[in-house]
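A look at the structure
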Amino acid sequence: MSEPKHHANRPEHALPAGDRASLGILAIFIIFVVAVPKNNLPAVIAYGAFTLFVITASRLSLRLIMKRLLVISPFVLFMAAGNLYFDRQPIFDAWNFAVTGGMISAGVIAAKSLVTISALLVYSHSVPFHRFGNALRAFGVPELFATQLQLVYRYSFMLGDEARSLQKARDLRSFGHKGKDIRATAQLIGSLLVRSSLRAEKIYMAMSARGFGNNLALQQKEPFTKRDAITVLLTTWYFLAVRIVFIP
Amino acid sequence: MHMSDALLSPAVGGAFWAVSGGLIAWSIKKSSMDQDGRKTALMGVLGAFVFAAQMINFTIPGTGSSGHLGGGLLLTVLLGPHRAFIALASVLVIQSLFFADGGLLALGCNIFNLAFFPAFVAYPFLYRTIAGNSLTSARLGAASMTAATAGLLMGACFVVLQTTVSGISELPFGTFMLFMLPIHFAIGIVEGLVTWAVVAFVAATDPTLLSMQHESDKKRSLTPAVFILIALVTGGTLAWFASPYPDGLEWSMARTSGQEEIEGRPEPVHGTLSSIQEKIAFLPDYGFRSTGDGPSESTDPASPVNTGTSVSGIAGSLMVLILAGVIGLFTGAGMRKTEKTGE
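The structure displayed is predicted, hence computed values, not measured ones. (Residues numbered from 1 in each chain as written. Chains lettered and ligands numbered in written order. Predicted model: local features only at pLDDT ≥ 70, side-chain atom pairs only at ≥ 80, totals over all residues.)

Alignment of strand 1 (residues 90-94) of chain A against strand 2 (residues 97-100) of chain A, held across four bridges, turns out to be antiparallel. Considered in strand 2 of chain A, the bridge of Ala94 of chain A is made with Phe97 of chain A. (Pairing = 2+ DSSP bridges. Helix = DSSP H or I, 4+ residues; strand = E, 2+ residues; numbered from the N terminus.)

Now the structure itself:
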């Protein structure tokens, strides 16, 4: 099975820093955004400017990001709704409309979610998975875990195709909800599982024939350049400046 | 049940990153002992299988809605706790980074809630105890249903605890629990049913897949999981019944000075240090921080049940366990070094 279009056709060097530095910046950025107090909407919006800058700089489709955002985070929206309901203390009036504490904190939850998830999506759309694996190795993540991640990612598309074709075959033979119950579906999942284990055996034999030694680290580790160091320092300084200006 | 970054404080997110990171390192150490490349390939493919199996929907009886397999317990039954924990953690990393399902800071919480409980609590204590080495349908059914439901409920409880301790949401602890537990109980039953049906199918068609794990289970040690479970129960519930009276030192001070805690001299160093302590202590006096608008916990004063005490007890127990584990690792490494140099 092939990877989805947006994964397969990623620009190779869309981000201004190396893969390891970009991952580090992403982690620092998320910590700064999450550390914004629950009633400070302007600070989250100010951090959102960074995400918007990276989206435009890496020439990613804003539509694609928005589409992904719409289908995730129902749990976050539920929690934001909880704040709306439980904190109804008016804070100020805007054009004869009482703005409550819950409205602000719910807005902060939704905005934080939007900003952090967009940043994650920018990273995932800019860095191919094998380079992400190498970035993790450079951070000292154990080889077994990095190899495991690459195997899961590689075969999830292949087995995904198989699962889809199994489901399609079942749907073609079932009328209404007949044949879609737990018992029948479990047999489909079981058959996919048996096929997967047979496939694992073949994969292992093929990998062993090519000299697989329990890891996939064939490429040299990406060096951490001076440019990377400057980018990390500058962005951290910027995040700190936003915090100082917007959070009293 | 995936937590998002927007609902967590950096302290809670960071603490669970440390816990989950430690568990991954421990599981890798345990899994690396046999050096079997075949199992590495199987782990990778079964991790991918979880992704693929989640695409196959089934009709949930009596609701008209559809659901899919979670896969935590099934993976543990097939791979064993350590390898399943690594496989589930890798699935959650990919879901977080490449499908934006769950946040990056929340990854530690998600790995703990969705992988630790099925792999290290529900499987060894419930599934293995009930199912034993038998592959009979009734035993497999009871084991799958109990373990899947318990694993999901424990994970859901920790979602509530992590969110409440972070202090971002206004949802009261009790209301949030009442909302989360019934839903996850129902999801757990369905997850248990599907796991049972799949395990029964595999037992009938390719039992070698199951026997591989059963053989290696005979050698496993449950010591760390037993300690974690005891710590959670003691910190989470037995702490409610701790004596409300002052301890020996406070009693002595009360007798001599008339106060339980002696006021320090108003020196600037003391003031600065206490203000730093007030800021960084996320559970002051073993309870939630008061907002100043009244009591922070809506509990009955006559009841011994106290959410803040539970959270403090669990957080404290976990921190002590991590600290003890880290000290143990360093001590063990030091001893091995001494042994080598002695040779």
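Membership of the largest hydrophobic core comes to 151 residues, with the highest contact counts inside it found for Ile109 of chain A together with Val45, Phe49 and Leu88 of chain B. Looking at which element gives the most residues to this core, the answer is helix 5 (residues 107-131) of chain B, with 16 residues. (Core = buried A, V, L, I, M, F, W, Y, C linked by C-beta atoms within 7 Å. Buried ≥ 20, exposed ≤ 12 C-beta atoms within 10 Å, placed from the backbone.)

Contacts between chain A and chain B engage 69 residues on the former and 60 residues on the latter. For the side of chain A that touches chain B, the elements supplying multiple residues, two or more each, are helix 2 (19-34), helix 5 (74-86), helix 6 (101-126), helix 8 (143-173) and helix 9 (182-209) of chain A. Ranked by residue count, the leading element in the side of chain A that touches chain B is helix 9 of chain A, at 19 residues. Within the side of chain A that touches chain B, the residues separate by chemical class into 38 nonpolar, 21 polar and 10 charged. (Contact = placed C-beta atoms within 7 Å. Nonpolar A, V, L, I, M, F, W, Y, C, P; charged D, E, K, R; others polar.)

As a further point, take the environment of Val108 of chain A. All names here are of chain A. Position of Val108 among the secondary structure elements: in helix 6. Look at Val108 and you get buried, because 24 C-beta atoms sit within 10 Å. Each C-alpha atom, one on Val108 and one on Val36, is 8.9 Å from the other, the two residues being 72 residues apart in sequence. Not counting the four nearest positions on each side in its chain, Val108 is found in contact with Lys38, Asn39, Asn40, Leu41 and Val44.

What follows deals with the confidence of the model for chain B. All names here are of chain B. Across chain B, the average pLDDT comes to 75, with 59% of residues at 70 or higher. Contacts from residues 291-299, a stretch scored under 50 in pLDDT, to residues over four places away or in other chains number 14 contacts. Both confidence scores are given for the complex: pTM 0.74, ipTM 0.83. (pLDDT = per-residue confidence, 0-100.)

Attention shifts here to the environment of Ala131 of chain B. Residue and element names in this part refer to chain B. When you line up the elements, Ala131 lands in helix 5. When the C-alpha atoms of Ala131 and Ala143 are compared, they prove to be 5.5 Å apart, with 12 residues separating the residues in sequence. Not counting residues up to four positions away in its chain, the partners in contact with Ala131 are Arg139, Leu140 and Ala143.

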